Amino acid sequence: MSDRRPNIVFMLSDDHAAHAIGTYGSVVNRTPHIDAVAAAGVRLDNLFATNSLCAPSRASILTGTYSHVNGVTTLDTFIDASQPTFVTALREAGYRTAFVGKWHMGQGSSGGVDHDPKGFDRWDALIDQGEYHDPRFLSADGLRVEPGYATDLITDLAIDWVESLDEGDHDGDGDGDGERPPWCVLVWHKAPHRPWEPDAAHAGMYAEGGPAGGTPIPVPATFTDDLAGRSDTARRAAMRIADHLTEEDLKQPVPPGLSADEEALWKYQRYMEDYLACVASVDDNVGRLTAWLTDRGELDDTIVVYSSDQGFFLGDHGWFDKRFMYEESIRMPFVLSYPRAVAAGQALDRIVTNVDIAATLLDAAGVDVPERMQGHSFWGDLTDPAGAQRDREREREGFYYRYWMHDDRSHQVGAHYGYRTHRYTLIFFYNDGLGLPGCSDRRFAQEWELYDLEADPEELVNVADDPSYAEVRDELEARMWLAQQEVGDDPHPDQSVPRLITEAGSVS
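What you see is a predicted model; the values in this text were computed from it and never measured.

K.L.:
Outline the overall build of the protein, listing residues and values.
P.N.:
Counting its secondary structure elements, the protein contains 15 helices and 18 strands. In terms of C-alpha radius of gyration, the protein reaches 23 Å, essentially the compact-globule figure of 23 Å for 508 residues. For the C-alpha atoms alone, the extent of the protein along its principal axes is close to 75 × 65 × 50 Å. Per-residue burial over the protein gives 59% buried out of 508 residues. Summed over its atoms, the accessible surface of the protein is roughly 19400 Å², and 48% of this surface lies on carbon and sulfur atoms. Measuring between centres, the 43 positive side-chain charges of the protein sit 2 Å from its 88 negative side-chain charges.

See below:
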């Protein structure tokens, strides 16, 4: 076995729902290359975003901290790029590092704070959301346009950078040889983010008559959910496929003469055809990278990760987008292979979050985790799964979630936080923007939701006020309060101290 520190290829897409990946049981598409990474290593079945929004999730992945610590709470709060990340720790430990793709945490500087990527030997960042076709890239050398399709270009640039490391004098003795240091490249895609523009090679792939089409794309069982079992907060959200997809999203006007139900189904098919075609391009590029590593003889020495910054609604409950603390939104796909240390064919159901990813990659590289990081490594679960399973306390597993971007102009989802265990999801909609950038100043009534995921996996029935769940709610409110304290976040001023906390005398 090699004692060489692993290279790291970390591929991250945007809004790729786990239920649009074959290894997670997708019924709408196939993703053979992502599935192959999982088959060669491990699939995480319960890795969740702690704030299901693009920029905040990316900040948590990089820094290993929650949104209130890294400062990226909404899409309009930009990162202080000087804070430590797992990449800066790798670089300080001798790694070469690069970033290519969607950054989306600000650019340039504001108020004396730099937002451009730091800690990278090379970086090429799309501007804001980025363009699918002929995208603009910003680097230390300035702004340029790269002709082509973003997903392919991001892969090209990542490969080019790694291959550039083959040249040069790695041991400093002037003879141009020496062992090349390990490297880490972040390959962070724009796709399949809205407005879902496929490339020519995949356009129409899932349309009727297309190579993967021919029959309508399956419709989720909850597509016609009237949200009667949810809060007013959920019903206010502006992300219904039937009502809120635009002509830009659909690429063509709605055919005349359709009933309301027929129009909703037509919009779903159009949305999904383009979304899945964008995913197909991402999957092909995952295959390109793994094939390239194989050809170089470096696959065994490289940690390969594929993930997405959060989940996404694919017609579930009639919605698109994310944000809510519901299953389709918060569940992140995460597959990893590293033949040197991670056995093939694993599936891990332990609850972990995007905040834990930074510590895990540093642990895998043998690099100390900065004290500021709040996440915990799950590397031991991957390299010694039997031991990890034996030592875990499954009933105590859970995580704290907070969505800050209250009542934004695009989707009008209310601010909330909550606590998720293997069986239950508790959500408190405090419905207050707290003056944060990107939030409205409208306040709404506060509401609670509670879902029993064992009895109601599709989260259709809110049992927060059901007397038979009173003890469960009491316990979860207390666990949420303690988890909030543990990560250093503050409850909303109007939230009362949970009864069990008061009785225990543990209010701080």
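K.L.:
Quick rundown of helix 14 (residues 470–486)? Include the residues and the values.
P.N.:
Counting along an α-helix, one turn takes 3.6 residues, and residues three or four places apart therefore face a common direction. Between its first and last C-alpha, helix 14 extends 24 Å over 17 residues, near the 24 Å set by a 1.5 Å rise per residue. Val-472, Arg-473, Leu-476, Glu-477, Ala-478, Arg-479, Met-480, Trp-481, Ala-483 and Gln-484 are the residues of helix 14 that are buried. On its buried face, helix 14 is in contact with strand 15 (398–403), strand 16 (416–421), strand 17 (424–429), strand 18 (447–452) and helix 15 (499–504).

K.L.:
I'd like a description of the sheet that holds strand 11 (residues 302–308), backed by residues and values.
P.N.:
Read from one edge to the other, the open sheet built from ten strands follows the order 9-8-7-4-10-1-11-12-2-13, with strand pairing classed as mixed. Both outer strands of the open sheet, strand 9 (142–145) and strand 13 (346–348), are each paired with one neighbouring strand and no more. Neighbour to neighbour, the strand axes of the sheet diverge by 15° on average, direction disregarded. Where strand 8 (residues 136–139) lies against strand 9, four bridges are found, and the strand directions are antiparallel. Across the sheet, residue Ser-139 finds its bridge partner in strand 9, namely Gly-142. Contacting strand 4 (96–101), strand 7 (122–126), strand 8, strand 9 and strand 10 (183–188), helix 5 (residues 150–164) crosses the sheet at an angle of about 170° to strand 10.

K.L.:
Can you lay out the pattern of salt bridges for me, pointing to particular residues and giving the numbers?
P.N.:
Here the structure, examined in full by the defined rule, presents 47 salt bridges. The salt bridge involving Lys-267 is made with Glu-263; its shortest N-O contact spans 3.1 Å. Here Glu-263 and Lys-267 lie together in helix 9 (residues 260–296), a separation of four residues that amounts to about one turn. For Lys-267, a relative accessible area of 6% translates into the label buried. Given the relative accessible area of 25%, Glu-263 is considered partly exposed. Residues Glu-475 and Arg-479 are paired through a salt bridge, measuring 3.8 Å at the closest nitrogen-oxygen approach. With Glu-475 and Arg-479 both in helix 14 and four residues apart, the pair spans about one turn of that helix. If you follow the salt bridges from partner to partner, you end up with Asp-15, Asp-321, Lys-322, Arg-323 and Asp-408 in one network.

K.L.:
If you had to explain the side chain of His-416 to someone new, which residues and values would you point to?
P.N.:
Inspection of the secondary structure assignment puts His-416 in strand 16. Separated by 3.2 Å, the side chain of His-416 and the backbone nitrogen of Met-325 make a polar contact. Among all residues touching His-416, those that are not within four sequence positions of it are Arg-323, Phe-324, Met-325, Tyr-401, Arg-402, Tyr-403, Ile-427, Phe-428, Phe-429 and Tyr-430.

K.L.:
Residues and numbers for the side chain of Thr-85, please.
P.N.:
With respect to the element layout, Thr-85 can be found in the loop between helix 3 (67–70) and helix 4 (86–92). A relative accessible area of 7% means that Thr-85 is categorised as buried. A distance of 3.2 Å separates a polar atom in the side chain of Thr-85 from the backbone nitrogen of Val-87. Filtering out sequence-adjacent residues up to four positions away, Thr-85 remains in contact with Leu-62, Thr-63 and Met-373.

K.L.:
Before we move on, could you go through the nonpolar core and cite the residues and values that matter?
P.N.:
Ranked by size, the top nonpolar core spans 80 residues in total, and within it Trp-183, Val-185, Tyr-271, Tyr-275, Phe-324 and Tyr-326 carry the most contacts. Considering each element in turn, this core owes the most residues, 15 residues, to helix 9. With residues up to four places along the chain from it excluded, the contact list for Val-185 reads Ile-8, Val-9, Phe-10, Ala-98, Ala-158, Trp-161 and Val-162. In terms of nonpolar packing, the next biggest core, distinct from the first, is built from 50 residues, Ile-61, Ala-125, Cys-184 and Trp-188 among them.

K.L.:
Tell me what's going on with unusual backbone geometry, and back it up with residues and numbers.
P.N.:
With an omega dihedral of -5°, the bond running from Ala-191 to Pro-192 counts as a cis peptide bond. If you trace the backbone, Pro-192 turns up in the loop between strand 10 and helix 6 (232–236). Here the amide bond leading from Arg-194 into Pro-195 is cis, since omega sits at 15°, within 30 degrees of zero. In this structure, Pro-195 sits in the loop between strand 10 and helix 6. Even without a glycine there, the phi angle at Trp-196 is positive, about 55°. Among the secondary structure elements, Trp-196 is positioned in the loop between strand 10 and helix 6. Judged by relative accessible area, Trp-196 falls into the buried class, the value being 0%. Positive phi is not limited to glycine here, since Lys-251 has a value of about 70°.

Reading the values: rules and limits
Residues numbered from 1 in each chain as written. Predicted model: local features only at pLDDT ≥ 70, side-chain atom pairs only at ≥ 80, totals over all residues. Heavy atoms only, no water. Helix = DSSP H or I, 4+ residues; strand = E, 2+ residues; numbered from the N terminus. Rg over C-alpha atoms; globule rule 2.2 N^0.38 Å. Buried < 20%, exposed > 50% of the residue type's maximum accessible area, 1.4 Å probe, protein only. Areas by Shrake-Rupley, 256 points an atom, 1.4 Å probe, with all protein chains shown as cover. Lys, Arg positive; Asp, Glu negative; His and termini not counted. Charge placed at Lys NZ, Arg CZ, Asp CG, Glu CD. Expected span 1.5 Å × (residues − 1). Contact = heavy atoms within 4.5 Å. Pairing = 2+ DSSP bridges. Axes fitted to C-alpha atoms, helices over the stretch in contact; angles between N-to-C directions. Salt bridge = Lys/Arg side-chain N within 4 Å of Asp/Glu carboxyl O. Polar contact = N/O pair within 3.5 Å; in protein donor to acceptor, adjacent residues only side chain to side chain. Core = buried A, V, L, I, M, F, W, Y, C linked by side-chain atoms within 4.5 Å.

These figures capture arrangement, not role.
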